[in-house]
Amino acid sequence: ILNVEQSPQSLHVQEGDSTNFTCSFPSSNFYALHWYRWETAKSPEALFVMTLNGDEKKKGRISATLNTKEGYSYLYIKGSQPEDSATYLCAFWKGGSEKLVFGKGTKLTVNP
Amino acid sequence: GAGVSQSPSNKVTEKGKDVELRCDPISGHTALYWYRQSLGQGLEFLIYFQGNSAPDKSGLPSDRFSAERTGGSVSTLTIQRTQQEDSAVYLCASSPAYDFTYEQYFGPGTRLTVT
């Protein structure tokens with residue numbers, strides 16, 4: 001069974017706070033790691049696709065890092081805004097597998 | 001350009017009825033994926049298409065589920081004799097190729113409620 005774990009399950013922060021959450025995945029036979037943002041009543045939207053150990057990607061105030069040897073990725077949000085409120089999903093592709101395996105997500109609420 | 005669309009957005013059906021869910025992928029995307037999210041669970045992979053072909057149907061939860069794709073474009077997911085445990089949000093996604101180094105483009109989903 002391929003497990004992708006995300007923590008915390010939910011998070012409440014104040015506007016302006018910086019925050020981060022974790023995605024853990026099996027470290028063997030790594031191929032790719034995806035991050036998506038899913039706002040209520042909208043479609044999940046891709047943030048990053050990461051394939052190399054040590055990868056760091058950035059989009060505006062959001063960035064992500066990847067450690068394939070220890071099997072984790074961090075997503076960082078700098079200066080959170082209410083519009084960042086969403087569920088953040090990570091998904092793992094293991095070599096030889098025909099599918100992405102998603103975690104249950106981290107639900108972020110940013111209070112004004 | 002147009003994104004992935006799904007219809008209907010909401011479907012309420014009685015137990016035992018058949019339902020058909022539709023997905024229109026981004027034009028030119030050869031890969032298409034179906035997922036579902038049940039309450040409290042992560043996204044569960046159901047099936048993928050490369051063009052019109054679905055090489056692996058083992059992710060479908062039961063033989064009441066079937067999917068097809070025609071013309072390399074529109075896909076339908078059919079659930080026969082619906083059960084209450086089929087209640088979930090069904091998401092469709094597409095990507096330029098069947099390669100998970102590409103990001104997936106998701107539709108807004110169909111919320112299915114079986115009463």
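Residues numbered from 1 in each chain as written. Chains lettered and ligands numbered in written order. Predicted model: local features only at pLDDT ≥ 70, side-chain atom pairs only at ≥ 80, totals over all residues. Heavy atoms only, no water.

Brief notes about the overall build of chain B
Quick reminder of the rule: Helix numbering and strand numbering both begin at the N terminus, where a helix is a DSSP run of H or I of at least 4 residues and a strand a DSSP run of E of at least 2. Only C-alpha atoms enter the radius of gyration; for comparison, a globular chain is expected to reach 2.2 Å times N to the power 0.38, where N is the number of residues. Here the term buried applies to any residue with accessible area under 20% of the maximum for its type, exposed to any over 50%, and partly exposed to those in between, with areas from a 1.4 Å probe on protein chains only. Here, two residues are considered to be in contact whenever any of their heavy atoms come within 4.5 Å of each other. Residue burial considers only the protein chains on display, and all accessible areas are found by Shrake-Rupley using a 1.4 Å probe. Positive charges come from Lys and Arg, negative ones from Asp and Glu, while His and the chain ends are left out of the count. A charged residue contributes its charge at one atom only: NZ of Lys, CZ of Arg, CG of Asp or CD of Glu.
Scanning chain B from terminus to terminus reveals 0 helices and 10 strands. Scanning chain B from its N terminus toward the C terminus, one meets helices and strands in the order β-β-β-β-β-β-β-β-β-β. In summary, chain B has a C-alpha radius of gyration of 13 Å against a globular reference of 13 Å for 115 residues, a match within 12%. Based on the C-alpha atoms only, the size of chain B along its principal axes is roughly 35 × 30 × 25 Å. In chain B, which comprises 115 residues, the proportion classed as buried is 47%. Partitioning the contacts of chain B with sequence separation of at least 6, the portion at a separation of at least 24 is 56%. If you sum the accessible surface of chain B, you get close to 5,300 Å²; carbon and sulfur atoms cover 44% of it. Taking the average location of the 10 positive side-chain charges in chain B and that of its 12 negative ones, the two points are 6 Å from each other.

Remarks on the interface of chain A and chain B
The following threshold applies: Any Lys or Arg side-chain nitrogen located within 4 Å of an Asp or Glu carboxyl oxygen qualifies as a salt bridge. N or O atoms within 3.5 Å of each other form a polar contact, as long as, within protein, one can give a hydrogen and the other can take it, and as long as residues adjacent in sequence are counted only when both atoms are side-chain atoms. Ten residues, namely Ala, Val, Leu, Ile, Met, Phe, Trp, Tyr, Cys and Pro, are considered nonpolar, four, namely Asp, Glu, Lys and Arg, are considered charged, and the remaining ones, Gly among them, are considered polar.
Taken together, the contacts link 18 residues of chain A with 20 residues of chain B. Where chain A meets chain B, there are 0 salt bridges. Where chain A meets chain B, there are 5 residue pairs in polar contact (both at pLDDT 80 or more). Among the elements that line the side of chain A that touches chain B, the one with the most residues is strand β4 (residues 30–38) of chain A, at 4 residues. Residues that form the side of chain A that touches chain B fall into these classes: 10 nonpolar, 5 polar and 3 charged.

Some thoughts on the pattern of salt bridges
A full pass over the atoms with the stated rule returns 6 salt bridges over all chains. Between A:K42 and A:E39 there is a salt bridge, and its shortest N-O distance comes to 3.8 Å. A relative accessible area of 46% places A:K42 in the partly exposed class. With a closest N to O distance of 3.0 Å, B:R22 and B:D24 form a salt bridge.

Quick notes on the sheet that holds strand β6 (residues 65–69) of chain B
Residues and elements named next belong to chain B. So the rule is basically this: Pairing between strands requires that DSSP locate at least two bridges from one strand to the other. Every axis corresponds to a line fitted to the C-alpha atoms, with the helix fit spanning only the stretch in contact, and the corresponding angles, defined between N-to-C directions, vary from 0 to 180 degrees.
Strand order in this open sheet of 4 strands is β1-β3-β7-β6, and the pairing throughout is antiparallel. Taken across any chain shown, the strands that pair with only one partner, and hence form the sheet edges, are β1 (5–7) and β6. In this sheet, neighbouring strand axes are inclined to one another by 15° on average, regardless of whether the strands run parallel or antiparallel. Bridging between strand β3 (residues 19–24) and strand β7 (residues 75–79) involves 5 bridges; their strand directions are antiparallel. Following the sheet pairing, R22 is matched in β7 by T76.

Some thoughts on the pairing of strand β7 (residues 62–67) of chain A
Residues and elements named next belong to chain A. Both strand β6 (residues 56–59) and β7 contribute to a ladder of 4 bridges, which runs antiparallel. Among the inter-strand pairings, K57 is bridged to a residue of β7, identified as A64. In this structure, the hairpin formed by β6 and β7 is closed by a connection of 2 residues, where G60 is found at a positive phi of approximately 65°. Sheet topology note: the β7/strand β8 (residues 72–77) ladder contains 6 bridges and is antiparallel. Paired with I62 across the bridge in β8 is I77.

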